[in-house]
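# Reading the structure
What follows is the residue order along each chain.
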Amino acid sequence: MSRFLVDRDGETHVRLAEGMELTKSQAVLAAVGFVALLIVPDITRFTPLSFTAIHRGILFGLAAVGLNLLLRHTELVSFGHAAFFGVGAYAAAVLASQFDVSSGLLLLLGGVLAATTISVLIGYFVASYLDIYFALLTLAFNQVLYAFVLQSGYFNYSDGLNVRPDGLNPPALFGLQLSSTGYELVLYYFTVVVLIVSLLVMWKLVNSPFGRALDAIGQNRTRARFVGIPVEKYVWVAFVISGIYGGLAGGLFALLQLHVSPEATLYAFVSGEILFMAILGGFGTLVGPVIGGVVLVYLLVQAPFYIEYYNALTGLTLLAVVLFLPEGILGSIPKIGTGLSRRRRDPGLLREDLATIGSSLRRGVSRAVTTVRIIVFGVN
Amino acid sequence: MTTEPLAGTESSGIDRRTLLKTVGGSALAVALAGCTELLEGEQESAADADVPDEPIESGLQTFTEGAPSVLGIQAEYGAETAVRRINENGGIAGREMDLDVVEEGGAYLTNYQQFVDEGKDVTFGPISSSGHAEMVPEIEAQEVINVSTDGTVTTLYEEDFPDVTYSFRFQNHDVMEALAAVNQAVEVLGADSIDTYAGINPNYAFGQDEMNLFSQGIEKLTGAEQVYSGFPDLGTSDMSTHITEINGEEPDVVFSSCWGGDATLLLEQGHANDMFDNTELLVGTVLYGSANDMEEDLVDGPIYSGSRNFYWGEPSTDRWSPAADLVDEVQSEYGVVPTAHFMSGYGAVTAWATAAEKAVSLLGRWPEQEELAMVLENHGFFTPAGYHTMGSDHQGYSNAHFGELTWSDEHDAAALQDVNVFAAKNVSPPPGEISSDWIGSW
């Protein structure tokens, strides 16, 4: 075996870094994903796909990756993650519109710092709570921030703020004042770099002793405490890291959108969407939330152009995920892959599938008929 | 600002050739002005021009759902009616027009970007003022003309974006309806009888802008004092706290720029809490925009509303046939009475379409975006609402209407009576001048 190929449990793995080994199919998926990310601008030029919608989806996905640290490892559900996304976005917007800061990187840095500060504060108050209390507290803090921004003239109420230091043009990126198309491209590739670095950092983190401790906290707080893990402190740190991802995504969102408004960044529904993205893509995986982000944003933003009843679409998607793909899009790939290869080997299984679908439909109809009979006649 | 010939001009009273000349002489311009009976025997001026065969692709973003759809769907009907008339009359220089409509709610930039990605030749909308302000820099960056149907905040072209190329607005801006409301209040009560005033306005750019302009205007004309100003959120479900404040203060005049479902709610809760017994007058700039949402008992009381640039009953429909024809057409097609927001959609399309045809006849070919933008500046055109101009500041100007809310048994809908018509020059500063400075100079 070479330096990049190692043998694990009788299977060849591709070794990307110390401790980071992917199976062959995982490596192929990662390579496809990486290439797909790089060629998004070209794909969207020759297809009806929307470049900005995909870019926006990646950014929300990045926030969902942060949220997933809590969801997957500490098993805490946050309903208030838009707080960090929104604070990151608003900090960039305030610096651009109120202080005329023209460097995109400084705006992003401001966003991350502000989100970090807010997540330290909120994390301090919520770290010791569990389950629904944790979820509701995060939601409450989110709503407080939303209401504060909405009522404040400094943040221009519900109209929001432009992220255009000179009033018309976007901020400078790497010292360059770019044209509209150039700006979008440079920002996109910068986002790709940020995304990959963030994913690697998150991977390193969850595979570190700290990540294992978070797993232990998620499985049983009391036992984790018994083995000497400072539970509240670790949850607080995880919360802050999660908030930093949200702030980073929010800051980049402000740079992309060039306008920040409370409803699009701070509203509780946005928190719900970020949570949905993690579940949709597969919260048991590292990259799943990014896939979920792109898919959901695409559904939310692009569907109105193609379908009249677009509002129902996200609901139907959520139903489909919960009923048929509970492990999310990416999380279900291995299961779907195994199922397909079994059916390739034994086509007779397809007949069984059809029979299963037929019998479940028959059962459904029979149940419905029984229910109607009971409603109409009072007895079965 | 030129507003002649006035909207009230009787079509049959003008020399046929004069009107044809005024509207630009083309079949399209005449059709959109609503004077199709004048078309007979006229030649299409741009018929030989070098224009592509494919249809013009256009996109409209407007509110199609929720409380704001009371206005938004009217704008959609208006734009569709204009496009239908364009296509029935052979298109713009022979090119037919397609219109895609999308919900604007919160997605202004995204919608505009998607339209541009789809290769739209022109985009229309939005209704929201804050959405329009958000879009203007993007429109300038993408260089595809957008004619906003509303988005009427006064400061937009006066202070925020005084030098734009591709962004236009069809509807009269806020200062025109706020000052029309001031003039209407003075006319009804008399300047000496107005000592106090109050306001209930939606809590965003449009509502704050309108209240600010009304305050400046009424204080300048009457010396009245503001006793209360409340800003309920857009789409709120309760205005009772604001109405209670009004009842406590008993101001002479209440001003409101509430629109859509908010306007209906204000009237409902105002009646339920006896607000109209505690004030002499309610002047609402766009209450009438919700005409199709109002019941007969809601319009009872000293309630006056503006109707921006269009009210079908002024001049009376038996004297101004384009407005009468439009009311008939819209009622049979959509089952609603067209309001000023119908004209928002109709006028935005008409402004662009008539300018495009003018550009083709000038250039002999289809214009580039920049050339069309130049033609749109200072462009004058007719609609059934009368004569409109697009100012050099990219702001639309036409007469403003204000009248008492009443009930029309004939149309089974809210209507206006004793309508006053205010020429643009009397309620807005000339292009290039800041509204608040202009009011200050009275």
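Residues numbered from 1 in each chain as written. Chains lettered and ligands numbered in written order. Predicted model: local features only at pLDDT ≥ 70, side-chain atom pairs only at ≥ 80, totals over all residues. Heavy atoms only, no water.

## Details of the overall build of chain A
In terms of regular secondary structure, chain A is built from 16 helices and 5 strands. Relative to the globule expectation of 21 Å for 380 residues, the C-alpha radius of gyration of chain A, 23 Å, shows essentially globular dimensions. Burial statistics for chain A: of 380 residues in total, 46% are counted as buried. Considering only residue pairs separated by 6 or more positions, chain A has 71% of its internal contacts joining residues 24 or more positions apart. When the accessible surface of chain A is totalled, it reaches about 19000 Å², and 68% of it is carbon and sulfur. One way to put it: in chain A the 24 positive side-chain charges average out to a point 10 Å from where the 21 negative ones average out. (Helix = DSSP H or I, 4+ residues; strand = E, 2+ residues; numbered from the N terminus. Rg over C-alpha atoms; globule rule 2.2 N^0.38 Å. Buried < 20%, exposed > 50% of the residue type's maximum accessible area, 1.4 Å probe, protein only. Contact = heavy atoms within 4.5 Å. Areas by Shrake-Rupley, 256 points an atom, 1.4 Å probe, with all protein chains shown as cover. Lys, Arg positive; Asp, Glu negative; His and termini not counted. Charge placed at Lys NZ, Arg CZ, Asp CG, Glu CD.)

## Details of the interface of chain A and chain B
Between chain A and chain B, the residue contacts involve 23 residues of the former and 24 residues of the latter. Overall, the association of chain A and chain B removes approximately 1900 Å² of surface from exposure, summing both partners, and the carbon and sulfur fraction of that is 47%. Considering only the side of chain A, the residues that lose the most area to chain B are A:Asp159, A:Leu168 and A:Phe305, jointly responsible for 29% of the buried surface there. Across the chain A-chain B interface, the total number found is 1 salt bridge. Here A:Arg164 makes a salt bridge to B:Glu138, at a shortest N to O gap of 3.7 Å. In this assembly, chain A and chain B are joined by 6 residue pairs in polar contact (both at pLDDT 80 or more). Here the side of chain A that touches chain B is built from residues that sort into 8 nonpolar, 11 polar and 4 charged. (Buried area = accessible area lost by both parts, 1.4 Å probe. Salt bridge = Lys/Arg side-chain N within 4 Å of Asp/Glu carboxyl O. Polar contact = N/O pair within 3.5 Å; in protein donor to acceptor, adjacent residues only side chain to side chain. Nonpolar A, V, L, I, M, F, W, Y, C, P; charged D, E, K, R; others polar.)

## Comments concerning the sheet that holds strand 12 (residues 386–390) of chain B
Residues and elements named next belong to chain B. Here 3 strands make up an open sheet; going across it, the order is 11-12-13 and the pairing antiparallel. What marks the edges here is a single partner per strand, and that holds for strand 11 (380–383) and strand 13 (396–397). Across the sheet, helix 12 (residues 340–363) is in contact with strand 11 and strand 12; its angle to strand 11 comes to roughly 135°. (Pairing = 2+ DSSP bridges. Axes fitted to C-alpha atoms, helices over the stretch in contact; angles between N-to-C directions.)

## Topic: the packing of helix 2 (residues 51–74) of chain A against helix 7 (residues 209–219) of chain A
All names here are of chain A. Contact pair helix 2 / helix 7: the axes reach a minimum separation of 7 Å and the direction vectors enclose 60°. Regarding the angle of helix 2 to helix 7, the classification is oblique. Side by side, helix 2 and helix 7 meet where Leu 69, His 73 and Thr 74 of the first sit next to Leu 214, Asp 215 and Gly 218 of the second. Partitioned by chemical class, the residues of the contact of helix 2 with helix 7 number 2 nonpolar, 3 polar and 1 charged. (Parallel < 35°, antiparallel > 145°, perpendicular 65-115°, else oblique.)

## Digging into the sheet that holds strand 3 (residues 20–23) of chain A
Backbone-to-backbone hydrogen bonds join strands into a sheet, with any given pair of strands oriented parallel or antiparallel. All names here are of chain A. Spatial ordering of the open sheet is given by 1-2-3, a layout of 3 strands whose pairing is antiparallel. Each edge of the open sheet is held by one strand with a lone partner, namely strand 1 (5–8) and strand 3. Ignoring which end each strand starts from, the neighbouring axes of this sheet average 45° apart. Where strand 1 and strand 2 (residues 11–17) come together, 4 bridges link them in antiparallel fashion. Its bridge partner being in strand 2, Arg 8 is matched across the sheet by Glu 11.

## A word on a negative patch on the surface
A cluster of acidic residues, B:Glu268, B:Asp293, B:Glu295, B:Glu296, B:Asp297, B:Asp300, B:Asp409 and B:Asp412, forms a negative patch at the surface. Mapped onto the secondary structure, B:Glu295 falls in the loop between strand 9 (281–284) and strand 10 (303–306). (Patch = residues over 30% accessible without salt bridge, like charges linked within 9 Å, V, L, I, M, F, W, Y side chains within 5 Å.)

## Considering helix 13 (residues 310–324) of chain A
Compared with an ideal rise of 1.5 Å per residue, which puts 15 residues at 21 Å, helix 13 of chain A spans 21 Å between its outermost C-alpha atoms and is within 8% of the ideal. Among the residues making up helix 13 of chain A, those that are buried are A:Tyr310, A:Thr314, A:Thr317 and A:Val321. In a view along the axis of helix 13 of chain A, the buried residues occupy a sector of 80°, so they form one face of it. Opposite its buried face, helix 13 of chain A presents the exposed residues A:Leu316, A:Val322 and A:Leu323, each directed more than 90 degrees away. Here the buried face of helix 13 of chain A lies against helix 11 (268–281) and helix 12 (288–302) of chain A together with strand 2 (97–103) of chain B. (Expected span 1.5 Å × (residues − 1). Arc of directions from axis to C-beta.)

## Digging into the side chain of B:Gln269
All names here are of chain B. Mapped onto the fold, Gln 269 is located in helix 10 (residues 261–272). Here Gln 269 falls in the buried class, since its relative accessible area comes to 16%. Engagement of the side chain of Gln 269 in a polar contact is seen with the backbone nitrogen of Ser 240, the distance being 3.2 Å.

## Describing the nonpolar core
Counting 103 residues, the largest nonpolar core has B:Ile92, B:Met97, B:Phe124, B:Ile145, B:Trp352 and B:Leu405 as the members making the most contacts within it. Ranked by residue count, the leading element in this core is helix 12 of chain B, at 12 residues. Ranked by size, the runner-up nonpolar core spans 90 residues in total, among them A:Phe51, A:Val126, A:Leu187 and A:Leu214. (Core = buried A, V, L, I, M, F, W, Y, C linked by side-chain atoms within 4.5 Å.)

## A few points about helix 5 (residues 129–142) of chain B
Residue and element names in this part refer to chain B. Helix length check: helix 5, at 14 residues, gives a terminal C-alpha distance of 20 Å against a target of 20 Å (1.5 Å per residue), a fit within 8%. For helix 5, the principal kink sits at Met 135 and spans about 35°; a proline, Pro 137, occurs within the next four residues. With 11 of 14 residues buried, helix 5 lies mostly within the body of the structure. Within helix 5, the full set of buried residues consists of Ser 129, Ser 130, Gly 131, His 132, Glu 134, Met 135, Val 136, Pro 137, Glu 138, Ile 139 and Glu 140. (Bend = angle between axes of the 7 residues up to and from the residue.)

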